[in-house]
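One letter stands for each residue in the lines below.
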Amino acid sequence: MRKKISLAVPVYYEQEVILQFLKETKAVLDTLPVEYEYIFVDDGSKDQTVAIIKEQAKTNPRIKMVVLSYNHGKAFAATAAFTYATGDYILYMDPDLQDPPHEIPRFFETIEQGFDLVWGIRKEKKDKFLNRLYSRVFWGTLNKYTGLEIPKGIAVMRMFTNQFAQNLLQYKETNRFVEGLFMKVGMNYTTLEIDQRERFAGVSKFNFRRKMQLAFDAIFDFSELPLKFAVRLGFLFVLLGIVALVALAVTKLFFIDFQAGWASLVSVIVLGIGLQLFFLGIVSLYIGRIYKEAKNRPLFSVKEFVNISQSENI
């Protein structure tokens, strides 16, 4: 019996690339001894992305789409794609064609060797210097402060088994860092070095601000480091305060008889208030995340299904 591959593809303002993406992936998939389907998840696009996919889906039942009610964020769109994928293997990729479709057969050959997950690792990042620098800062921050040990230079493109996807979907947290969740699922994974090319059209929506926001989200979701840092810093300032008070007392009693001024007092008060606000801010971030999880809301809201029957809906 032939295996089935589901292409899980989140889309957001991708009207310029959809047709080329379908053309290139179809040309490759038709050469493989597999069945396949597309699971597009639109994450609130206001351009012609949805209309183009709908038009293609009219004549090709392999093209399926989940239209989300509003922009949830890529992590949630990806989760929706994994949820409705029915293949034995799921290939997660972006439609911008930076991770080229001609690598798909290599992913299939590798995962057929018995792996649960195959990470794509980019040989060389073909991007602007600043974007490459941003990526290095981003991944360096993640690996240093979360302890996740995410493979260096990973691409969006990766393939995993349906069983891996089911295990991944058991993680229901609202604060979703997909790569971190992949590492938490674990199982038997390997890496595959792949080519990369320039984006086919349009511009990336994943700018430096969003990358660093994702990095901080990952740190707060997968690490207690900020809390430990606050405790250590608090202990350090208490120690410095004690040393300063002892030094002042010794100086006044044995060396110089001076009058303590209001400036030093105000400085100490301001420093103390600043430290308290800093520590409260860190604790508040964790409390806010606990609050979001406690509400237990659905991970995504669906507006429309295309070529997905009600029996497939979860």
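Note that the structure is predicted; figures quoted are calculated from it, not measured.

> Looking at this structure, I do not really get the nonpolar core. What am I missing?
Soluble globular proteins tend to pack their nonpolar side chains together in the buried interior. Within the largest apolar cluster, 36 residues are counted, with the highest numbers of intra-cluster contacts made by Val 41, Leu 68, Phe 82, Ile 90, Trp 119, Phe 160 and Phe 182. Elements with a minimum of two residues in this core: strand S2 (34–42), strand S3 (63–68), helix H3 (74–84), strand S4 (89–92), strand S5 (117–122), strand S6 (154–161), helix H6 (162–168) and helix H7 (178–185). It is H3 that contributes the most residues to this core, eight residues altogether. Contact partners of Val 41, with chain neighbours within four places excluded, come to Val 9, Pro 10, Val 11, Val 66, Leu 68, Ala 77, Ala 80 and Ala 81. The next biggest cluster of nonpolar side chains, apart from the first, holds 35 residues, and it includes Val 9, Tyr 36, Met 157 and Ile 194.

> When you look at helix H4 (residues 104–111) in this model, what are you seeing that I'm missing?
Along an α-helix, residues three or four positions apart point the same way, because every turn accommodates 3.6 residues. H4 sits mainly inside the fold: six of its eight residues count as buried. Within the span of H4, buried status applies to Ile 104, Pro 105, Phe 107, Phe 108, Thr 110 and Ile 111.

> Explanation requested: the packing of aromatic side chains in the structure shown.
The geometry of two aromatic rings is summed up by the distance between their centres and the angle between their planes. Per the stated rule, a full pass over the model turns up 15 aromatic pairs. Geometrically, the ring pair formed by Tyr 12 and Tyr 13 is edge-to-face, given 4.8 Å between the ring centres and 90° between the ring planes. In this structure Tyr 13 comes out as partly exposed when scored by relative accessible area, which is 29%. Judged by centre distance (6.3 Å) and plane angle (65°), the ring pair of Tyr 84 and Phe 300 falls under edge-to-face.

> Quick question: what am I supposed to make of unusual backbone geometry here?
Both trends apply: most residues other than glycine have a negative phi, and most peptide bonds are in trans. One non-glycine residue, Tyr 13, adopts positive backbone phi at about 55°. Phi is positive for Asn 307, close to 60°, though the residue is something other than glycine. The residue Asn 307 is located in the segment after strand S8 (302–306) in this model.

> Would you explain empty space enclosed by the protein in this entry?
In this approach a probe as big as a water molecule rolls over the atoms, and the regions it shows empty are the leftover space. On inspection of all chains with the given rule, the structure shows one cavity of 30 Å³ or more. Quantified by volume, the largest cavity comes out at close to 40 Å³. Contributing to the lining of the largest cavity are Thr 79, Phe 82, Leu 168, Leu 169, Arg 176, Val 178 and Leu 181. Every element with two or more residues in the lining of the largest cavity is listed here: H3 and H7. Considered class by class, the residues forming the lining of the largest cavity number five nonpolar, one polar and one charged.

> Explanation requested: the pattern of salt bridges in the structure shown.
Side chains carrying opposite charge are able to pair once their charged atoms draw close together. Taken as a whole and judged by the stated rule, the model has 13 salt bridges. The closest approach of N and O atoms between Arg 62 and Asp 30, which form a salt bridge, is 3.9 Å. With Arg 62 in the loop between helix H2 (49–59) and S3 and Asp 30 in the loop between helix H1 (18–29) and S2, this pair connects stretches of sequence that are 32 residues apart. For Arg 62, a relative accessible area of 28% puts it in the partly exposed group. A relative accessible area of 42% means that Asp 30 is categorised as partly exposed. Across the pair Lys 54 and Glu 304 runs a salt bridge, and its minimum N-O distance is 2.9 Å. One end of the pair, Lys 54, is in helix H2; the other, Glu 304, is in strand S8, with 250 residues separating them in the sequence. In this structure Lys 54 comes out as partly exposed when scored by relative accessible area, which is 29%. Shared partners join several salt bridges into a network, and the residues in it are Arg 2, Lys 26, Asp 30, Glu 35 and Arg 62.

Quick notes on the rules
- Residue positions are given per chain, counting from 1 as you read along its sequence in written order.
- Per-residue local features are limited, in this predicted model, to residues with pLDDT of at least 70; the limit for side-chain atom pairs, both in listing and counting, is 80 or more; totals at the level of whole chains, interfaces and linings are taken over all residues.
- Note: side-chain values were computed over all heavy atoms of the structure, leaving out hydrogens and water.
- To form a nonpolar core, buried Ala, Val, Leu, Ile, Met, Phe, Trp, Tyr and Cys residues must be joined to one another through side-chain atoms within 4.5 Å.
- Relative accessibility decides the category of a residue: with a 1.4 Å probe and only protein chains considered, values under 20% of the type maximum give buried, values over 50% give exposed, and everything between is partly exposed.
- Under the scheme used here, helices are H or I runs from DSSP no shorter than 4 residues and strands are E runs no shorter than 2 residues, and both carry numbers assigned from the N terminus.
- In this analysis, two residues are considered to be in contact whenever any of their non-hydrogen atoms come within 4.5 Å of each other.
- Pairing of aromatic rings covers Phe, Tyr and Trp, the last through its six-membered ring, and needs centres within 6.5 Å; plane angles under 30 degrees mean stacked, over 60 mean edge-to-face, and all others mean tilted.
- In this analysis, the protein atoms alone were mapped onto a 1 Å grid. Cavities are point sets where a 1.4 Å probe fits without being able to get out; pockets are open sets with protein on both sides within 12 Å along at least five of seven lines; lining residues have an atom within 4 Å of a point.
- Grid points are joined across faces, edges and corners, and a volume is the space filled by probe spheres set on the points.
- Only Asp, Glu, Lys and Arg are considered charged in this grouping, and only Ala, Val, Leu, Ile, Met, Phe, Trp, Tyr, Cys and Pro are considered nonpolar; every other residue, Gly among them, is considered polar.
- The rule for a salt bridge is simple: a side-chain nitrogen of Lys or Arg has to be within 4 Å of a carboxyl oxygen of Asp or Glu.

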